[in-house]
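Here is how the chains run, residue by residue.
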Amino acid sequence: MKRKGAAIGTFDGLHLGHRSVLELLKTESQERGLDPIAITFDRHPLELIAPERVPPQLTTVGKRKKLLRETGVEPVVLMFDEDLRKTSAEEWMKRMRDEFGVGLLVIGYDNTFGHDGVNLSVGDYKEMGKKSDIEVIVANELKDISSSAIRKAVKNGEMERSHEMLGRPYSITGRVVEGQSLGRALGFPTANIAIDPKIAIPKDGVYAAIVKINDGSNHPAMVNIGVRPTLGRSNERVIEVHILDWQGDLYGKEITVRFLKRLRDEKRFNSIEELKRQLSIDREEVCEVIKL
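Just so we're clear, the structure is a prediction, and the values are computed from it rather than from any experiment.

(A) Expanded view of helix α7 (residues 147-155). Of the residues making up α7, those classed as buried are S147, I150, R151, A153 and V154. Projected down its long axis, α7 carries its buried residues within an arc of 160°, all on one side. Opposite the buried face of α7, by more than 90 degrees, sit the exposed residues S148, K152 and K155. Where the residues of α7 are buried, they touch α1 (16-32) and α8 (159-166).

(B) Seen up close, the sheet that holds strand β8 (residues 205-212). Taken together, six strands build a closed barrel; the order of strands is β6-β7-β10-β9-β8-β11 and the barrel is antiparallel. Neighbour-to-neighbour, the strand axes of the sheet open up by a mean angle of 45°, direction not taken into account. Across six bridges, the pairing between strand β9 (residues 218-226) and strand β10 (residues 238-243) is antiparallel. Bridge pairing in β10 places G226 opposite V238. The strands touched by helix α10 (residues 272-290) are β8, β9, β10 and β11 (254-264); relative to β11, the strand with the most contacts, the crossing angle is about 100°.

(C) Highlighting the packing of aromatic side chains. A complete count under the given rule lists five aromatic pairs for this structure. On the basis of an interplanar angle of 35° and a centroid distance of 4.6 Å, the ring pair of F113 and Y125 is categorised as tilted. Of this pair, F113 sits in the loop between β4 (102-107) and α6 (122-131) while Y125 sits in helix α6, placing them twelve residues apart in sequence. With respect to class, F113 is no different from Y125; both count as buried. Relative to F259, the ring of Y207 has its centre 5.3 Å away and its plane inclined at 75°; by these criteria the two rings are edge-to-face. Linking Y207 in strand β8 with F259 in strand β11, this pair joins segments that are 52 residues apart in sequence. Note on accessibility: Y207 and F259 belong to one class, buried.

(D) Structural view of the pattern of salt bridges. Inspection of every chain in the model, using the stated rule, returns 21 salt bridges. Here K276 makes a salt bridge to E273, at a shortest N to O gap of 3.7 Å. Residue K276 and its partner E273 are located together in helix α10, separated by three residues, close to a single helical turn. Classification of K276 as partly exposed rests on a relative accessible area of 27%. A relative accessible area of 45% places E273 in the partly exposed class. The network of salt bridges with shared partners includes E28, E31, R32 and E135.

What counts and what doesn't
- Residues numbered from 1 in each chain as written.
- Predicted model: local features only at pLDDT ≥ 70, side-chain atom pairs only at ≥ 80, totals over all residues.
- Heavy atoms only, no water.
- Buried < 20%, exposed > 50% of the residue type's maximum accessible area, 1.4 Å probe, protein only.
- Helix = DSSP H or I, 4+ residues; strand = E, 2+ residues; numbered from the N terminus.
- Arc of directions from axis to C-beta.
- Contact = heavy atoms within 4.5 Å.
- Pairing = 2+ DSSP bridges.
- Axes fitted to C-alpha atoms, helices over the stretch in contact; angles between N-to-C directions.
- Phe/Tyr/Trp six-rings, centres within 6.5 Å; stacked < 30°, edge-to-face > 60°.
- Salt bridge = Lys/Arg side-chain N within 4 Å of Asp/Glu carboxyl O.

So this is what it looks like as structure tokens:
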């Protein structure tokens, strides 16, 4: 088995802090003739440890694997079960060495692993590494960048801020489902999308976005998230996407929405005509944001 350089974590969002760790991993692995891998999990550990505290996720496991591979690091996804939960940091070291051939471990400045990890220092991890013949290197801190901070920005509709921390626009991927065709009746046909319920959804409101459809093409779009108070049909929260320069049937297809900017709150209008006028204004603002 060829020896590996490894990083370990949930890597939710694969933000710039994660990417800094992975770049160091690749550089140090190359110098030592190692293959870089990222060890992550099939679920957030809190799903098992404290389900009531599980935060909304920024990426699905599938998307995380794709993003990791794009960085040049091969993902290794472990099932986070009771056995893994009970694994100590020292046992982790031995498993990484024996099962994956890890000879180098790069950790973030606040990275911990093992059920006893919360009480361990970087020095402790380095000492454990020596016992297992694993060199431990600590990456520099990128201040103010974390998955928690990004979740907060997304929750508040601060898409430019989330972009800064992720290094790319925040995005969601979902399947187009049948709606009530209310947008079409207004002259703004929309695709309603259903997404993984674990994924973080931006604050209710209207957004400028770029949408990637099933043929791989990208299109400007306006997105409404909320309950459509003017139409008064239900209190169900929906994600509606109006693609500006495209017509066709997307039912059953997956699309990806990249959020660029929050334009306004969702609000109740006094009439359908007033709503249609506002949608025209929103459309123009989307064109300005995307510089069409």
